[in-house]
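So you can see what is in the structure, the chains are spelled out below.
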Amino acid sequence: MNSMGNIPEPEPERDDEPDIIILGIQKSSYYLYKGDDYLNQLLLVDGEYPKPVLCVHFETLIDAKLVIGEGFSIAQYWAIHPEIIARLRSDDCLIETDA
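Residues numbered from 1 in each chain as written. Predicted model: local features only at pLDDT ≥ 70, side-chain atom pairs only at ≥ 80, totals over all residues. Heavy atoms only, no water.

Enquirer: Explain the side chain of H57 residue by residue, including any values.
Expert: Looking at where H57 falls in the secondary structure, it is placed in strand β3 (residues 53-58). A distance of 2.8 Å separates a polar atom in the side chain of H57 from a polar atom in the side chain of E96. Beyond its immediate chain neighbours, meaning those up to four positions away, H57 contacts G24, K27, Y30, R89, E96, T97, D98 and A99. (Helix = DSSP H or I, 4+ residues; strand = E, 2+ residues; numbered from the N terminus. Polar contact = N/O pair within 3.5 Å; in protein donor to acceptor, adjacent residues only side chain to side chain. Contact = heavy atoms within 4.5 Å.)

Enquirer: Which residues make up the nonpolar core, and what values do they have?
Expert: I22, L42, V53 and L88 are the most contacted members of the largest nonpolar core, which totals 15 residues. Take this core: its biggest share by element is 3 residues, from helix α3 (residues 82-90). Non-local contacts of I22, meaning those with residues more than four positions away in its chain, are made with Y30, Y31, L32, Y33, L42, V53, L54, C55, V56, I85 and L88. If you look at the next biggest cluster of nonpolar residues, it comprises 11 residues, including I21, L23, F72 and I74. (Core = buried A, V, L, I, M, F, W, Y, C linked by side-chain atoms within 4.5 Å. Buried < 20%, exposed > 50% of the residue type's maximum accessible area, 1.4 Å probe, protein only.)

Enquirer: Could you give me a rundown of α3, with the residues and numbers involved?
Expert: Within α3, burial applies to I84, I85, R87 and L88. The arc that holds every buried residue of α3, seen down its axis, measures 160°, which confines them to one face. Exposed residues lying more than 90 degrees from the buried face of α3 are E83 and S90. Following α3 by one or two positions, D92 has its phi on the positive side, about 55°. (Arc of directions from axis to C-beta.)

Enquirer: Mind laying out the pattern of salt bridges, listing which residues take part and the relevant values?
Expert: Scanning the entire structure with this criterion turns up 3 salt bridges. Of the charged contacts in the structure, one is a salt bridge between K27 and D98, with a shortest N-O distance of 3.8 Å. Linking K27 in the loop between β1 (21-25) and β2 (29-34) with D98 in strand β5 (residues 94-98), this pair joins segments that are 71 residues apart in sequence. Given the relative accessible area of 51%, K27 is considered exposed. Classification of D98 as exposed rests on a relative accessible area of 53%. Where E96 meets R89, a salt bridge forms, and the shortest distance between an N and an O atom there is 2.8 Å. We classify E96 as partly exposed; its relative accessible area is 36%. What makes R89 partly exposed here is its relative accessible area of 35%. (Salt bridge = Lys/Arg side-chain N within 4 Å of Asp/Glu carboxyl O.)

Everything listed here is a matter of coordinates, which is why it stays silent on function.
Put into structure tokens, the structure is as follows:
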């Protein structure tokens, strides 16, 4: 509330980071970095999930560790089959960027 007492303060603007982030390693292996709550829907052909999905590509696993941090271990993330990534691409639901 502001000094008037009855007008709520404006909410801070939400970061534009997508709800689902996938890590691509060597453009051949993919892992769900953020969005575990949407995993089942993401895997379904007609699933309902927030769009777009962001895929950040790394040249190597070491590059990913350098960017994400020392505690990064690919073993803690769900693997996503490359055909799921291909479907997201063909459905224009995937934004891809290099790290």
